[in-house]
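Chains, contacts and geometry: an overview
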Amino acid sequence: MTIQRFLEWLAASPVANAMNGPEWAFPVVESLHFIGFAFLIGTIAIVDLRLLGLTLRRQPSRQLQADLAPWTLAGVAIMLTTGPMMFSADAVRYYVNPSFRIKMMCLATALVYNFTVDQCVGSGAHDRVRVKLCLSFRSASGFRKPT
Amino acid sequence: MSTAIREGALLYPIIGGIHLLAIALFGGMVLASDVRMLGWGLRNESVTDLIEQFRGWKWLGGLVVAITGLLLAWCEPIKLYHSPSFWVKMILFALVGVHAVFFRRSVYRNTEAIDRAPGMPPVAKLAAALSLLLWVGIVLSGRLIAFDS
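Read on for a plain summary of the structure. (Residues numbered from 1 in each chain as written. Chains lettered and ligands numbered in written order. Predicted model: local features only at pLDDT ≥ 70, side-chain atom pairs only at ≥ 80, totals over all residues. Heavy atoms only, no water.)

Now for the overall build of chain A. Secondary structure summary: chain A contains eight helices and zero strands in total. Across the 147 residues that make up chain A, the buried fraction comes to 46%. The contacts of chain A with a sequence gap of at least 6 include a subset with a gap of at least 24, amounting to 73%. Working note: accessible area of chain A is about 7,500 Å², and carbon and sulfur atoms make up 67% of it. (Helix = DSSP H or I, 4+ residues; strand = E, 2+ residues; numbered from the N terminus. Buried < 20%, exposed > 50% of the residue type's maximum accessible area, 1.4 Å probe, protein only. Contact = heavy atoms within 4.5 Å. Areas by Shrake-Rupley, 256 points an atom, 1.4 Å probe, with all protein chains shown as cover.)

Spelled out as structure tokens, the structure:
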């Protein structure tokens, strides 16, 4: 299946139809995406601030990371569900958008980084920079549901 | 300045991006504190540590969210004035303030007693549950502004 056919299939899928159906569908899914965002990036930020020695210094960082891990994972799950749902609402336009592509590359990098390097080493300072990069591009794609 | 933010190709997304990053910082810490007080996790961390250590960061994050949010609202004052969701969001913000004042003595400045208590006091659970509801409501009403117009 080529990318073009995949995008067309996605745009005609029941999820895409639901997303483009009632006007409140997109904002509601977007809200869930934001809440997942707070879980994911927020908990990573707490661990990174800890690794930088800027908060919760009485807790060992490893333990803090372990305790926050279920919430970080919940954030990932919410975002990776709601994200593709929003993508399906206007798949072709997102696919050709340069900022969207940069966002996806940064996201992949940030996820791989967070769940590999950052899990093993004691210094996750770089992670913050990468997540920030990813996010600024996210906003640069400035996408809204087409009206 | 309103036109500069609205019509500049990059300004709006950049301010929006900073707004989101500050939400992640602020929201993540609110979530962590609420999760702890609801007894859903983070049991190795004391309520006192979470509340006291996050206080400065929450203020910083909240301040950045408020300033960037104001700048974003400045772009479309008329649209927002006519949007019911925007007013719901503002009312919920006011309620966040009421929440903070209301639970200040019993919860947020009383964490050492909460940590000493055998179980999580109901008032702390209530404060956390209301906090979660308020923030979910704020996100939802914010996103529904687009639905109003």
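Residues and elements named next belong to chain A. A contiguous nonpolar patch, built from Ile3, Val92, Tyr95 and Val96 and spanning about 330 Å² of accessible area, is present on the exposed surface. The element contributing the most residues to the nonpolar patch is helix α5 (residues 91-96), with three residues. Relative to the assigned elements, isoleucine 3 resides in helix α1 (residues 3-11). (Patch = residues over 30% accessible without salt bridge, like charges linked within 9 Å, V, L, I, M, F, W, Y side chains within 5 Å. Salt bridge = Lys/Arg side-chain N within 4 Å of Asp/Glu carboxyl O.)

In this structure the tally under the stated criterion is one cavity of 30 Å³ or more. Looking at the largest cavity, its volume works out to about 40 Å³. If you go around the largest cavity, the residues you meet are Phe39, Thr43, Leu68 and Trp71 of chain A together with Gly28, Leu31, Ala32, Val35 and Leu42 of chain B. Of all elements in the fold, only α3 (25-51) and α4 (61-89) of chain A together with α2 (11-37) of chain B reach the threshold of two or more residues within the lining of the largest cavity. With four residues, the single largest contributor to the lining of the largest cavity is α2 of chain B. Here the lining of the largest cavity is composed, by residue class, of seven nonpolar, two polar and no charged. (1 Å grid on protein atoms, 1.4 Å probe; cavity = no way out; pocket = protein on both sides within 12 Å on 5 of 7 lines; lining within 4 Å. Points joined across faces, edges and corners; volume = space filled by probe spheres on them. Nonpolar A, V, L, I, M, F, W, Y, C, P; charged D, E, K, R; others polar.)

Residue and element names in this part refer to chain B. If you walk through the whole model with that rule in mind, you get five salt bridges over all chains. When the shortest N-O distance is used, the salt bridge between arginine 55 and glutamate 52 registers 3.2 Å. Taken together, the residues span about one helical turn, with arginine 55 and glutamate 52 both in helix α3 (residues 47-74) at a distance of three residues. Owing to a relative accessible area of 18%, arginine 55 belongs among the buried residues under this scheme.

Quick look at the interface of chain A and chain B now. One widely used convention gives an interface's size as the accessible area the parts lose upon coming together. Across the boundary between the two partners, chain A contributes 32 residues, which contact 30 residues of chain B. In total, about 2,900 Å² of surface goes out of reach between chain A and chain B, with carbon and sulfur atoms giving 72% of it. When the buried area of chain A at its contact with chain B is split by residue, Phe34, Leu56 and Trp71 of chain A rank highest and sum to 17% of it. Joining chain A to chain B, the criterion identifies two salt bridges. Glutamate 30 of chain A is paired through a salt bridge with arginine 143 of chain B; the nearest N and O atoms lie 3.2 Å apart. Between the two partners, chain A and chain B, sit seven residue pairs in polar contact (both at pLDDT 80 or more). Among the secondary structure elements, those contributing two or more residues to the side of chain A that touches chain B are α3, α4 and α8 (125-140) of chain A. Of all the elements, α3 of chain A adds the most residues to the side of chain A that touches chain B, at 13 residues. For the side of chain A that touches chain B, the per-class residue count stands at 18 nonpolar, six polar and eight charged. (Buried area = accessible area lost by both parts, 1.4 Å probe. Polar contact = N/O pair within 3.5 Å; in protein donor to acceptor, adjacent residues only side chain to side chain.)

Function cannot be read off these values alone, since they describe shape.
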